[in-house]
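Spelled out from the first residue to the last, the chains are:
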Amino acid sequence: MVKSARRVREWLGALSFRTGVVIAAACVCCYALSFLQMLLPIGVGAKGVLWATFYGLAKACQYTAILILGKEGMARLKSAVRQRGKSSGDVAARGAETSPAED
């Protein structure tokens, strides 16, 4: 059992950074669906089943993405998110400082 778990972990670790990001995006979607289903006009039992299903999928995707990305991949992903936030803020700030006629 330990050998098969180790093999699965090594296989997931060998996947690409892009695959890890896709799995992380799927995780976010599953989390959203697990709570948005509460707005559906269905019975409480069905809502509970949907919540457990989507929440379980979200957790599975989360741990899979962590295994794929690893420590360096998570740092790279955080850096990319921070950089993207800074660049969009910089564009807005530059737009406020200069008018289109000046460009």
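Residues numbered from 1 in each chain as written. Predicted model: local features only at pLDDT ≥ 70, side-chain atom pairs only at ≥ 80, totals over all residues. Heavy atoms only, no water.

### Remarks on helix α1 (residues 2-13)
- Taking 1.5 Å of rise per residue, twelve residues should cover 16 Å, and α1 covers 16 Å from first to last C-alpha, within 8% of that figure.
- Judged by how many residues are buried, α1 sits mostly at the surface: one of twelve residues are covered. (Helix = DSSP H or I, 4+ residues; strand = E, 2+ residues; numbered from the N terminus. Expected span 1.5 Å × (residues − 1). Buried < 20%, exposed > 50% of the residue type's maximum accessible area, 1.4 Å probe, protein only.)

### Remarks on a nonpolar patch on the surface
- Judged by side-chain polarity, Phe35, Met38 and Trp51 come together as a nonpolar surface patch covering roughly 300 Å² of accessible area.
- With relative accessibility at 41%, the residue Met38 sits in the partly exposed group. (Patch = residues over 30% accessible without salt bridge, like charges linked within 9 Å, V, L, I, M, F, W, Y side chains within 5 Å. Areas by Shrake-Rupley, 256 points an atom, 1.4 Å probe, with all protein chains shown as cover. Salt bridge = Lys/Arg side-chain N within 4 Å of Asp/Glu carboxyl O.)

### Re the confidence of the model for the protein chain
- Averaged over every residue, the pLDDT of the protein chain is 83; the share at 70 or more is 84%.
- Here helix α3 (residues 44-97) stands out as the least confident element of the protein chain, with mean pLDDT 82; helix α2 (residues 17-36) is the most confident, with 91. (pLDDT = per-residue confidence, 0-100.)

### Side note on the state of the cysteines
- Inspection of every chain in the model, using the stated rule, returns zero disulfides.
- Among the cysteines around Cys29, which has no disulfide bond, Cys30 carries the closest sulfur, lying 6.9 Å off.
- Of all cysteine sulfurs, the one in Cys30 lies closest to Cys61, which takes part in no disulfide; the gap is 4.7 Å. (Disulfide = S-S within 2.5 Å.)

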